[in-house]
Amino acid sequence: MPARELAQSLLRERAAAAPARPALTALAGALAAAADGSVRAVVFFGSQRSQAAARNQWSAFDLFALTSDYGRFYRGLRAAGQLRRAPGFVAWLNGWLPPNQISFRVQAEDGVGFHGKLGVIDEAVFARETSAARRDHFCAGRLFQPAEIVYAADEAARTATLDALASAHFVTLDWIRPWLPESFDAAEYCRRLLQVSLSREIRPEPAGRADALFEAQRPELVPLYARLLEGYRNDGVLRSVAPQRYALAQAVAAPERKRLEAYFRRSLFRATARWAKYVLTFEAWLDYIVRKAERHTGEPLVLAPRERRFPLLFLWPRVFRYLRDKDKRP
């Protein structure tokens, strides 16, 4: 079977076997209700999905919220009390370097609260950003890892979203070729995907995060990519060199390497530029960042009054120190 069709088949198999997630079902259902019918699908991904990070009271579920109408989506959230800024302004921001990042919270009947960190993106843009036509690595770099659909408005939305997730897996060979070893198996392929992808963003996690993610995701990643590598072999872009070991069928030429280096530089610029709008779209962004830093360092972080009042002016020295020292911590 060709690799693209195989990726679609594998993701459908995995979706059919996905466990029930009541908390996420409630969160996604509340989001769909609040957004006035504009939510097409909700995708769960990230460290909570892979259980690479322990949940605590500050943890948020990483979700992509696929919408058919930015304006309608944000007007609904504003009416539901989930958005403080003007819906038109936030919708306008969503057209610039999508997705937006927003916060969404629900309170269950038993009093337990759930927090979603939503990447809001148009469903057609989501399909493009997980394909060969993507403009940067943001979506593709997150969704080649384990992810699942926790809400779909209808069967057409579910099918389209599954196809996009399968595409994010299929296109991995497009961007990883220059960094693959001379020969590799599925485990080495997956580890290299994580190492390259994470190294091309400014991230708060210390060194070794890629290896930790790989170990957490190994039971899901390796069997899936073992079959996908065989699909690449069927396509003629890989060749077998030993049982379950492969090599590129065609060597990487200098123009391809330069093109992909430029792709990752552009992605880094775009990912960093998104931070400016997250300050405007993500409610209580400063507290979220502080809690995230505390979780990674294991140390309390207390902001000075002027840092809390004017974070965009006075927080930068602390940010630079954190990024400088994060790999020195035990």
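Residues numbered from 1 in each chain as written. Predicted model: local features only at pLDDT ≥ 70, side-chain atom pairs only at ≥ 80, totals over all residues. Heavy atoms only, no water.

Chemist: Would you mind going over the overall build of the chain in detail, with residue names and values included?
Modeler: What the chain contains, in helices and strands, is 16 helices and 7 strands. Nonlocal contacts in the chain, meaning residues at least 24 apart in sequence, comprise 68% of its contacts between residues at least 6 apart. Per element, the accessible surface of the chain, about 15,900 Å² overall, is 55% carbon and sulfur. (Helix = DSSP H or I, 4+ residues; strand = E, 2+ residues; numbered from the N terminus. Contact = heavy atoms within 4.5 Å. Areas by Shrake-Rupley, 256 points an atom, 1.4 Å probe, with all protein chains shown as cover.)

Chemist: With reference to specific residues and values, describe the sheet that holds strand β4 (residues 113–122).
Modeler: Note on sheets: strands pair through backbone hydrogen bonds, and any given pair is parallel or antiparallel. Read across the open sheet, the 5 strands follow the order β3-β4-β2-β1-β5; overall the sheet is mixed. The sheet is open, and its two borders are formed by β3 (100–107) and β5 (148–152), each paired with just one other strand. Ignoring strand direction, the axes of neighbouring strands in this sheet form an average angle of 30°. Pairing geometry for strand β1 (residues 39–45) and β5, over 4 bridges, is antiparallel. The partner of V43 across the bridge, within β5, is I149. Contacting β1, β2 (61–67), β3, β4 and β5, helix α2 (residues 22–34) runs over the sheet at an angle of about 110° to β3. (Pairing = 2+ DSSP bridges. Axes fitted to C-alpha atoms, helices over the stretch in contact; angles between N-to-C directions.)

Chemist: Lay out helix α5 (residues 87–94) in plain terms, naming residues and giving numbers.
Modeler: Buried residues of α5: P87, V90, A91, L93 and N94, and no others. Seen from one end, α5 has its buried residues packed into an arc of 160°, which puts them on one side. Residues of α5 that are exposed and point over 90 degrees away from its buried face: G88 and W92. The inward-facing, buried residues of α5 abut α4 (70–79), β3, β4 and α12 (254–281). (Buried < 20%, exposed > 50% of the residue type's maximum accessible area, 1.4 Å probe, protein only. Arc of directions from axis to C-beta.)

Chemist: Break down the pattern of salt bridges for me, with residues and values.
Modeler: In the structure shown here, the tally under the stated rule is 22 salt bridges. Salt-bridge contacts for R72 lead to D36; the nearest nitrogen and oxygen are separated by 3.5 Å. Of the two residues, R72 is situated in helix α4 and D36 in the loop between α2 and β1; the sequence distance between them amounts to 36 residues. When its relative accessible area of 32% is taken as the criterion, R72 is described as partly exposed. One salt bridge connects D62 with K117, and the closest N-O pair in it is separated by 3.1 Å. Linking D62 in strand β2 with K117 in strand β4, this pair joins segments that are 55 residues apart in sequence. With respect to class, D62 is no different from K117; both count as buried. Connected through shared salt-bridge partners, R21, R49, E148 and E220 make up one network. (Salt bridge = Lys/Arg side-chain N within 4 Å of Asp/Glu carboxyl O.)

Chemist: Help me get a handle on empty space enclosed by the protein, residues and values and all.
Modeler: Counted according to the given criterion, the structure contains 1 cavity of 30 Å³ or more. Estimated volume of the largest cavity: approximately 40 Å³. If you go around the largest cavity, the residues you meet are D136, H137, F138, S197, R200, E201, S267 and A271. Considered class by class, the residues forming the lining of the largest cavity number 2 nonpolar, 3 polar and 3 charged. (1 Å grid on protein atoms, 1.4 Å probe; cavity = no way out; pocket = protein on both sides within 12 Å on 5 of 7 lines; lining within 4 Å. Points joined across faces, edges and corners; volume = space filled by probe spheres on them. Nonpolar A, V, L, I, M, F, W, Y, C, P; charged D, E, K, R; others polar.)

Chemist: I'd like to hear about the environment of Q48, residue by residue, with values.
Modeler: Position of Q48 among the secondary structure elements: in helix α3 (residues 47–50). Taking C-alpha positions, Q48 is 6.3 Å from F61, a pair spaced 13 residues apart along the chain.

Chemist: I'd like to hear about the packing of helix α1 (residues 3–16) against helix α8 (residues 155–170), residue by residue, with values.
Modeler: The contact between α1 and α8 brings their axes to 8 Å, and the two run at 125°. It follows that α1 is oblique to α8 by the angle criterion. Both α1 and α8 take part in a crossing whose hand is right-handed. Residues A3, R4, A7, Q8, L11, R12 and A15 of α1 form the contact with α8, whose participating residues are T159, L162, D163, L165, A166, S167, H169 and F170. Split into classes, the residues belonging to the contact of α1 with α8 amount to 8 nonpolar, 4 polar and 3 charged. (Parallel < 35°, antiparallel > 145°, perpendicular 65-115°, else oblique. Left-handed = near helix turned anticlockwise from the far one by under 90°.)

Chemist: Quick one: what's the story with the packing of aromatic side chains, residue by residue and with numbers?
Modeler: Each pair of aromatic rings is reported with the distance of its centres and the angle of its planes. The full count for this structure, using the stated rule, is 14 aromatic pairs. On the numbers, 6.1 Å between centres and 85° between planes, the contact of W175 with F264 is edge-to-face. In this pair, W175 sits in helix α9 (residues 172–176) while F264 sits in helix α12, placing the two residues 89 residues apart along the sequence. The exposure class of F264 is buried, given its relative accessible area of 2%. Ring geometry for Y189 and Y225: centres 5.8 Å apart, planes at 45°, overall tilted. With a gap of 36 residues between them, Y189 in helix α10 (residues 186–199) and Y225 in helix α11 (residues 209–235) connect regions that are remote in the sequence. Above the plane of the ring of F138 lies R142, whose end atom (NZ or CZ) is 3.8 Å from the centre. (Phe/Tyr/Trp six-rings, centres within 6.5 Å; stacked < 30°, edge-to-face > 60°. Lys NZ or Arg CZ within 6 Å of the ring centre and 35° of its normal.)

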